[in-house]
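Residue-level structure breakdown
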Amino acid sequence: MGAGSIRNAARPWREGARSIPTGRVPAQALAVFIFLLATAAAIAAQRAQLPLTAAILYLLGVTLVGGLAGIRGGLAGALAASLIYNFFISDPVFRFSLVSAEEYVPLIGFNLSAAASALLAGRLKERALAAETANLQLKALLDLSQRLQSAVHVDQIPAAIQAFVRSIGRTAPELYVVKDGEPVPVEGPGKGIELARELVASGVVRLALADSLALLLATGAGPVGALVLPQAPGSRARQRDQDLEAFVNVLSITLERCLLLEQLSEAELIKRSEEFKTALLSSVSHDMRTPLSAISASASSLASYELPAEVRGDLLATIREQCERLNRYTTNLLNLGRLQGGLDPKHFTECDAFEVLGTAISRARNVAGERGIVKCYRVDSALVRADPVMLEQVFYNVLENAVHYSPERSSIAVAADVEDGHLLIDILDEGPGIAPGDEERVFNRFYRAQPPSSHEGSGLGLSIARGFTEAFGGSIAARADDVCGGTRISIRLPLETRKGE
Amino acid sequence: MSARILILDDEPAIARVLRPVLTATGSVVVTAATAVEGLKAAKEHAVDLVLLDLGLPDADGKDLIPSLRNLGELAIIVLSARHQEAEKVSALDAGADDYVDKPFNIDVLMARIRAAERRISSRSPKKDVFAGGDLTIDYRRREVRLMGDEVKLSPKEYDLLCALAAHSGQVVTHRHLLLAGWGDPGADTQYLRSYIALLRQKLEEDPAEPRLLLTEPGVGYRLNA
């Protein structure tokens with residue numbers, strides 16, 4: 001079946017050439033005009049007693065007509081010319097006669113020269129058309145390979161080959177990727193899946209049916225995919241074997257490349273997620289166990305020993321502090337989970353960032369000890385689109401970070417301003433600042449500044465602050481402050497623009 | 001405080017911790033771990049207040065609120081987790097009085113319980129005066145005083161403050177406040193934010209960090225008087 005189909009597929013090529021516009025109608029009109037002109041000239045020459053000139057003029061006319069009108073028109077012209085010549089021009093006038101050489105040589109001569117010129121002209125025309133078509137096909141192929149080269153994902157391939165597929169009279173290419181020996185459609189329902197399956201199973205390179213063409217995409221490693229090309233309604237399929245072959249080769253290579261890239265990124269993703277889990281587990285076990293042992297030790301001491309009131313108070317305070325720490329930590333883990341799961345901007349609402357900031361500052365004062373939190377706002381109201389609870393977490397986490405990394409009795413400044421459609425909030429502490437080169441790393445999960453300060457953070461706070469801020473379309477950056485040397489964390493959030501305002 | 005309190009939570013540790021404290025303040029404590037048991041206990045013991053966990057094994061605690069409300073005059077305080085703002089709002093809209101985030105500080109919980117009890121006991125006889133902390137409201141004269149000094153409020157500001165004062169110490173949802181101030185629970189919360197900001201300008205020492213009119217992000221406001 002395969003070989004016959006190929007021939008079948010290749011045959012329409014000549015018909016394809018015909019569909020390219022040639023400007024035949026003006027050529028025919030011109031041929032008729034030349035025919036009439038030659039006839040008139042021949043008659044005039046004959047009247048002037050120049051029979052040789054008449055014959056030559058007529059021969060010239062017929063040759064031109066043949067060249068212009070193609071073989072059929074040329075022959076018809078030649079026949080008409082010989083009849084007219086015989087009837088009107090050559091002796092005896094007004095009578096048909098094919099007796100003497102004078103009478104039949106023009107008939108044969110006219111027809112032969114018309115046929116010869118028509119054939120030559122036709123060949124020439126066809127060559128030109130073929131060259132033009134080949135040029136177009138080449139351009140389509142070049143364009144195709146350029147488009148395919150930039151594809152990095154299998155999903156991008158159908159769009160990239162669309163133009164080429166249309167140029168060969170096909171439509172709606174269905175791409176299949178071979179997974180475990182079975183073709184799987186890249187998009188859509190895969191109407192031609194049966195055809196693709198047959199192709200992959202049989203290993204046939206090309207299958208042409210009445211209404212569609214199926215191509216096997218294979219590389220050195222074996223079949224990687226299949227392409228089913230239904231015929232475009234109202235147009236006839238046309239392609240040259242060599243174009244199709246080039247197309248299949250380029251496509252196979254692209255598909256293989258995309259699939260390899262996919263595998264690579266999947267492997268990378270798995271590796272990173274494994275690394276993350278490992279880091280998370282080690283962090284969880286450490287960060288949970290420390291407060292738990294403090295609580296357990298305090299509670300058992302209280303239960304087992306008669307202790308002075310002062311010591312008991314201390315132990316109870318420890319239990320409370322460590323509980324708060326555990327709570328903070330679980331909240332952060334929960335937030336991390338939300339970030340990993342992806343945030344849905346549909347749930348964001350319009351909220352006043354300063355209202356939320358005020359709540360966060362009040363909360364932060366509870367853990368700030370003797371540190372002062374100073375506000376220097378240049379604006380006191382700014383609408384942003386966010387989840388208010390998550391936004392509060394952003395502010396709180398940054399404030400808490402400032403508290404943990406700054407000495408007692410220092411101050412933490414919160415500055416606010418508005419600048420080209422953004423709210424800027426800077427939180428500045430008087431701690432040791434950030435080592436050069438660490439400005440980005442502080443936002444990494446589980447990053448903790450070295451040497452570890454007295455504080456027991458999870459290393460998640462700033463990472464969550466960044467995740468949330470970015471989800472709100474904002475950004476957050478850290479740097480050592482030029483003046484006081486402490487850390488300055490800048491939060492930038494796009495202002496909400498209300499319609500009609 | 002001699003209220004009958006139902007602790008409806010499937011986590012026994014919560015009841016174990018709360019029972020001694022609540023009993024010490026003179027309350028009678030009943031516990032239940034499922035929705036079915038809880039409804040039965042609330043009916044049998046004619047409780048005044050329910051501490052309701054939203055995640056019960058046999059039902060969504062939220063769906064229990066209307067049935068509890070039907071039992072008569074009782075307060076419902078929802079025990080919820082942070083980040084469940086939508087849950088909290090729907091529980092409050094369903095008729096809960098307030099919520100407390102788990103894990104809670106016992107002082108905060110006791111304050112919320114006191115606020116709920118205060119509201120229940122003050123419900124029947126309509127009071128003429130509200131007094132909480134530095135704030136007093138004379139309802140008959142529509143007069144608001146802060147540390148004895150009169151504060152001039154616009155009618156809308158006054159309505160909002162009264163709606164908050166009627167639930168002093170308890171959260172009041174955006175919806176509820178929009179209804180109180182504009183008669184339309186679906187009105188733009190932007191209006192509400194603006195008026196709360198105005199009230200804070202007049203009543204707060206530092207409006208950027210309020211102590212009286214607290215924001216409950218994503219839920220509503222709370223008058224902390």
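Quantities reported herein were computed from a predicted structural model and do not represent experimental measurements.

**Re the overall build of chain A**
A count of helical and extended segments in chain A gives 12 helices and 12 strands. Per-residue burial over chain A gives 33% buried out of 501 residues. Restricting to contacts in chain A with at least 6 residues of sequence separation, those with at least 24 account for 68%.

**Remarks on the sheet that holds strand S9 (residues 149–151) of chain B**
Residue and element names in this part refer to chain B. Taken together, the four strands give an open sheet; going across it, the order is S6-S7-S8-S9, and neighbouring strands pair in antiparallel fashion. Every other strand in the sheet has two partners, leaving strand S6 (129–132) and S9 as the edge strands with one partner each. Taking each pair of neighbouring strands and ignoring which way they run, the sheet shows an average axis angle of 25°. When strand S8 (residues 143–146) meets S9, the two strands line up antiparallel, connected through three bridges. Considered in S9, the bridge of Leu 146 is made with Asp 149. Packed onto the sheet, helix H6 (residues 155–165) meets S6, strand S7 (135–138) and S8 and runs at close to 110° relative to S7.

**Re the nonpolar core**
Grouped together as the largest cluster of nonpolar side chains are 60 residues, with contacts concentrated most on Leu 6, Leu 49, Val 50, Leu 52, Ile 76, Ile 77 and Val 78 of chain B. By size, the runner-up hydrophobic cluster in this structure holds 42 residues, among which are Val 356, Phe 395, Leu 462 and Leu 493 of chain A.

**Examining the environment of Ala 187 of chain B**
All names here are of chain B. Structurally, Ala 187 can be placed in the loop between helix H7 (174–182) and helix H8 (189–203). Counting along the chain gives 13 residues from Ala 187 to His 174, while the straight-line C-alpha distance between them is 9.6 Å. The contacts of Ala 187, once residues within four sequence positions are left out, are Leu 178 and Trp 182.

**Comments concerning helix H1 (residues 12–24) of chain B**
All names here are of chain B. Spanning 13 residues, H1 covers 19 Å between terminal C-alpha atoms, matching the ideal 18 Å at 1.5 Å per step. Residue Leu 18 marks the point of greatest curvature in H1, where the axis turns by about 30°; the proline Pro 20 follows within four residues. Of the residues one or two after H1, Gly 26 is the one with positive phi, at around 95°.

**Description of the confidence of the model for chain B**
Confidence in the prediction of chain B, expressed as mean pLDDT, is 89, and 96% of residues score 70 or more. Reported confidence for the predicted complex is 0.78 by ipTM and 0.58 by pTM.

**Looking at the sheet that holds strand S12 (residues 220–223) of chain B**
All names here are of chain B. In spatial order, the strands read S10-S12-S11; together these three strands make up an open sheet with antiparallel pairing. Both edges of this open sheet fall to strand S10 (171–173) and strand S11 (213–216), since each of them pairs with a single strand only. Within this sheet the neighbouring strands show an average axis-to-axis angle of 30°, counted without direction. Relative to S12, S11 is paired through four bridges, and the arrangement is antiparallel. Note on S12: the bridge partner recorded for Glu 216 is Gly 220.

**Details of the environment of Arg 211 of chain B**
Residues and elements named next belong to chain B. Within the secondary structure, Arg 211 is located in the loop between H8 and S11. Taking the C-beta count within 10 Å as the criterion, Arg 211 has 15 such neighbours and is therefore assigned partly exposed. Taking the C-alpha atoms as reference points, Arg 211 and Arg 200, 11 residues apart in sequence, are found 9.4 Å from one another. Ignoring anything within four residues of it in the chain, the contact list for Arg 211 reads Glu 204 and Asn 224.

**Section: H8 of chain B**
Helical geometry note: an α-helix holds 3.6 residues per turn, so side chains three or four residues apart project in the same direction. Between the first and last C-alpha of H8 of chain B there are 21 Å, a value that for 15 residues agrees with the 21 Å anticipated at 1.5 Å per step. For H8 of chain B, the set of buried residues is Leu 192, Arg 193, Tyr 195, Ile 196, Leu 199, Arg 200 and Leu 203 of chain B.

**Some words on unusual backbone geometry**
In this model, Lys 102 of chain B is joined to Pro 103 of chain B through a cis peptide bond whose omega is -5°. Assignment of secondary structure puts Pro 103 of chain B in the loop between strand S5 (98–102) and helix H5 (106–123). The residue Arg 409 of chain A is not glycine, and still its phi comes out positive at about 65°. Within the fold, Arg 409 of chain A resides in the loop between helix H11 (388–404) and strand S9 (411–419). Taking the number of C-beta atoms within 10 Å as the measure of exposure, Arg 409 of chain A has 10 and is therefore exposed. The backbone phi angle of Arg 142 of chain B is positive, close to 50°, even though this residue is not glycine. Within the secondary structure, Arg 142 of chain B sits in the loop between S7 and S8. For Arg 142 of chain B, a count of 11 C-beta atoms within 10 Å puts it in the exposed group.

**Some details on the pairing of strand S1 (residues 174–179) of chain A**
A regular strand carries its side chains on alternate faces of the sheet. All names here are of chain A. The element S1 is largely enclosed, with a buried count of five among its six residues. As paired strands, S1 and strand S5 (residues 222–230) are joined by four bridges and run antiparallel to one another. Among the inter-strand pairings, Tyr 176 is bridged to a residue of S5, identified as Ala 226. Two strands pair when backbone bridges link them, and S1 and strand S2 (residues 182–185) are joined in this way by four bridges, in the antiparallel orientation. Across the sheet, the residue bridging to Lys 179 is Glu 182, located in S2. What sits between S1 and S2 in their antiparallel hairpin is a turn of two residues, with Asp 180 showing a positive phi close to 50°.

**A short note on the packing of helix H2 (residues 35–45) of chain B against helix H3 (residues 61–70) of chain B**
In a packed pair of helices, the relevant descriptors are the angle between the two axes and the axis-to-axis distance. Residues and elements named next belong to chain B. Running from N to C, H2 and H3 point in directions that differ by 15°, and their axes come no closer than 10 Å. As the angle between them shows, H2 and H3 are arranged roughly parallel. As for how H2 packs across H3, the hand of that crossing is right-handed. Mapping the contact onto sequence places Ala 35, Gly 38, Leu 39 and Ala 42 in H2 and Leu 64, Ser 67 and Leu 68 in H3. Classifying every residue of the contact of H2 with H3 by side-chain character gives five nonpolar, two polar and no charged.

**Some words on the pairing of S9 of chain A**
Residues and elements named next belong to chain A. Here strand S7 (residues 372–377) pairs with S9 via six bridges, running parallel. Of the residues in S9, the one forming a bridge with Val 374 is Ala 413. As paired strands, S9 and strand S10 (residues 422–428) are joined by seven bridges and run antiparallel to one another. Its bridge partner lying in S10, Glu 419 is registered against His 422. The loop that links S9 with its antiparallel partner S10 comprises two residues; one of these, Asp 420, has a positive phi angle of about 20°.

**Quick look at the confidence of the model for chain A**
Residue and element names in this part refer to chain A. The pLDDT averaged across chain A works out to 80; a share of 89% of its residues lies at or above 70. Mean pLDDT values for the elements of chain A range from 39 in helix H2 (residues 13–18) up to 96 in S10. Long-range and interchain partners of residues 1–23, a stretch whose pLDDT sits below 50, account for 25 contacts in this model, where long-range means more than four residues apart.

**Digging into the packing of helix H10 (residues 353–367) of chain A against H11 of chain A**
All names here are of chain A. Contact geometry for H10 and H11: axes closest at 8 Å, N-to-C directions at 40°. Considered as vectors, H10 and H11 are oriented oblique to each other. The hand of the H10/H11 crossing is right-handed. Between H10, through Ala 353, Val 356, Leu 357, Thr 359, Ala 360, Ile 361, Arg 363, Ala 364 and Val 367, and H11, the contact on the second element is made entirely by Pro 388, Leu 391, Glu 392, Phe 395, Tyr 396, Leu 399, Glu 400 and Val 403. The residue inventory of the contact of H10 with H11, partitioned by class, reads 13 nonpolar, one polar and three charged.

What counts, and where the lines are drawn
Residues numbered from 1 in each chain as written. Chains lettered and ligands numbered in written order. Predicted model: local features only at pLDDT ≥ 70, side-chain atom pairs only at ≥ 80, totals over all residues. Helix = DSSP H or I, 4+ residues; strand = E, 2+ residues; numbered from the N terminus. Buried ≥ 20, exposed ≤ 12 C-beta atoms within 10 Å, placed from the backbone. Contact = placed C-beta atoms within 7 Å. Pairing = 2+ DSSP bridges. Axes fitted to C-alpha atoms, helices over the stretch in contact; angles between N-to-C directions. Core = buried A, V, L, I, M, F, W, Y, C linked by C-beta atoms within 7 Å. Expected span 1.5 Å × (residues − 1). Bend = angle between axes of the 7 residues up to and from the residue. pLDDT = per-residue confidence, 0-100. Parallel < 35°, antiparallel > 145°, perpendicular 65-115°, else oblique. Left-handed = near helix turned anticlockwise from the far one by under 90°. Nonpolar A, V, L, I, M, F, W, Y, C, P; charged D, E, K, R; others polar.

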